[in-house]
Amino acid sequence: MKLGRLNHVGVATPSLERAIAFWRDIMGAQIIREPFDMAGQGVRVCFVETPGADSTAGTQIELLEPLGETSPIAAFLAKNPQGGQHHLAFEVPDIAAAKDWFERQGKRVLGEPRLGAHGTLVFFVHPRDMGGVLTEIMETPKGAGH
Ligand SMILES: CC[C@@H](C(=O)O)C(=O)SCCNC(=O)CCNC(=O)[C@H](O)C(C)(C)COP(=O)(O)OP(=O)(O)OC[C@H]1O[C@@H](n2cnc3c(N)ncnc32)[C@H](O)[C@@H]1OP(=O)(O)O
Ligand SMILES: [Co+2]
């Protein structure tokens, strides 16, 4: 399996508004995508980016607020009321091949691939099988230049 670059770091927050203000005003990040709901994933999302040097790509932070009580980040926020680093998302060229790879390694893939925030299919691998890191695997968006 060919693992690609780190696409984004997911950060859970009880308040998207406060998290955006923090990343913009303290960290100097730019809002690259205004908040939007992903009902199918149970989250409200906003992407901010720390600029890269010259022409290099910046680093995307995916801010996540729970959408409803059944949100997959609800239990995480109950344990971490201020929010915190939630997942790392890596790109792969072929989502089906990647899912097959992780399953053959005995890793728990959480459900079937679903449409992610970048418009490609994503799946998650259980943090207890991944050294404590909830890992998102996403198919590389078309036209992504690296
Ligand atoms: C915007 C769309 C998309 C994108 O395109 O980028 C997203 O990123 S959506 C992001 C939100 N979606 C998800 O997280 C989906 C996958 N997650 C899950 O299915 C669940 O959150 C989970 C990982 C199975 C955990 O479920 P939960 O109900 O919270 O179960 P537990 O509380 O029992 O946790 C079990 C175990 O795992 C530890 N844990 C939980 N979350 C994390 C985490 N984010 N990072 C590290 N560890 C985590 C938790 O502490 C428990 O540990 P133990 O008690 O030691 O067993
Ligand atoms: Co994500």
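Here goes a summary of the coordinates provided. Being a predicted model, the structure only gives us computed values, none of them experimental. (Residues numbered from 1 in each chain as written. Chains lettered and ligands numbered in written order. Predicted model: local features only at pLDDT ≥ 70, side-chain atom pairs only at ≥ 80, totals over all residues. Heavy atoms only, no water.)

### Some thoughts on the packing of aromatic side chains
(1) Moving on: In the structure shown here, the tally under the stated rule is 2 aromatic pairs.
(2) Moving on: Pairing Phe22 with Trp23 gives two aromatic rings, centres 5.7 Å apart and planes at 90°, and the pair type is edge-to-face.
(3) Moving on: For Phe22, a relative accessible area of 40% translates into the label partly exposed.
(4) Moving on: The exposure class of Trp23 is buried, given its relative accessible area of 14%.
(5) Moving on: Measuring from centroid to centroid gives 6.2 Å for Phe102 and Phe123, while their planes differ by 75°, and the two rings are edge-to-face. Here Phe102, found in helix α3 (residues 95-104), pairs with Phe123, found in strand β7 (residues 121-125); they are 21 residues apart in sequence, far enough to count as distant.
(6) Moving on: You can call Phe123 buried: its relative accessible area is 1%.
(7) Moving on: One residue, Arg33, lies across the ring of Phe36, its end atom 4.1 Å from the ring centre. (Phe/Tyr/Trp six-rings, centres within 6.5 Å; stacked < 30°, edge-to-face > 60°. Buried < 20%, exposed > 50% of the residue type's maximum accessible area, 1.4 Å probe, protein only. Helix = DSSP H or I, 4+ residues; strand = E, 2+ residues; numbered from the N terminus. Lys NZ or Arg CZ within 6 Å of the ring centre and 35° of its normal.)

### What about the coordination of the cobalt ion (ligand 2)?
(1) Moving on: Binding of the cobalt ion (ligand 2) to the protein goes through His8 (NE2), Glu62 (OE), His87 (NE2) and Glu136 (OE), at separations of 2.1 to 2.2 Å.
(2) Moving on: The sequence motif formed by the donor residues of the cobalt ion (ligand 2) is H-x53-E-x24-H-x48-E. Of the two residues, Glu62 is situated in strand β4 (residues 59-66) and His87 in strand β5 (residues 84-92); the sequence distance between them amounts to 25 residues.
(3) Moving on: Taking the relative accessible area as the measure of exposure, Glu62 reaches 5% and is therefore buried. (Donors = N, O, S within 2.8 Å, 3.2 Å for Na, K, Ca; no water.)

### Description of the site of ligand 1
(1) Moving on: Looking at ligand 1, there are 24 residues lining it, with Glu62, His86, Ala117, Arg128 and Glu136 nearest.
(2) Moving on: Between an oxygen atom of ligand 1 and a side-chain N or O atom of His87, the distance comes to 3.1 Å.
(3) Moving on: In this structure, an oxygen atom belonging to ligand 1 sits 2.6 Å away from a side-chain N or O atom of Arg128.
(4) Moving on: Starting from 1,100 Å² of accessible surface for ligand 1 in isolation, the protein chains cover 73%.
(5) Moving on: Its atoms largely coinciding with the cavity grid, ligand 1 occupies the largest pocket.
(6) Moving on: Among the secondary structure elements, those contributing two or more residues to the shell around ligand 1 are β3 (43-50), β4, α2 (74-79) and β5.
(7) Moving on: Of the residues forming the shell around ligand 1, the biggest block, 3 residues, is contributed by α2. (Near = heavy atom within 4 Å. Polar contact = N/O pair within 3.5 Å; in protein donor to acceptor, adjacent residues only side chain to side chain. Areas by Shrake-Rupley, 256 points an atom, 1.4 Å probe, with all protein chains shown as cover. 1 Å grid on protein atoms, 1.4 Å probe; cavity = no way out; pocket = protein on both sides within 12 Å on 5 of 7 lines; lining within 4 Å. Sits in = over half its atoms within 2 Å of the grid points.)

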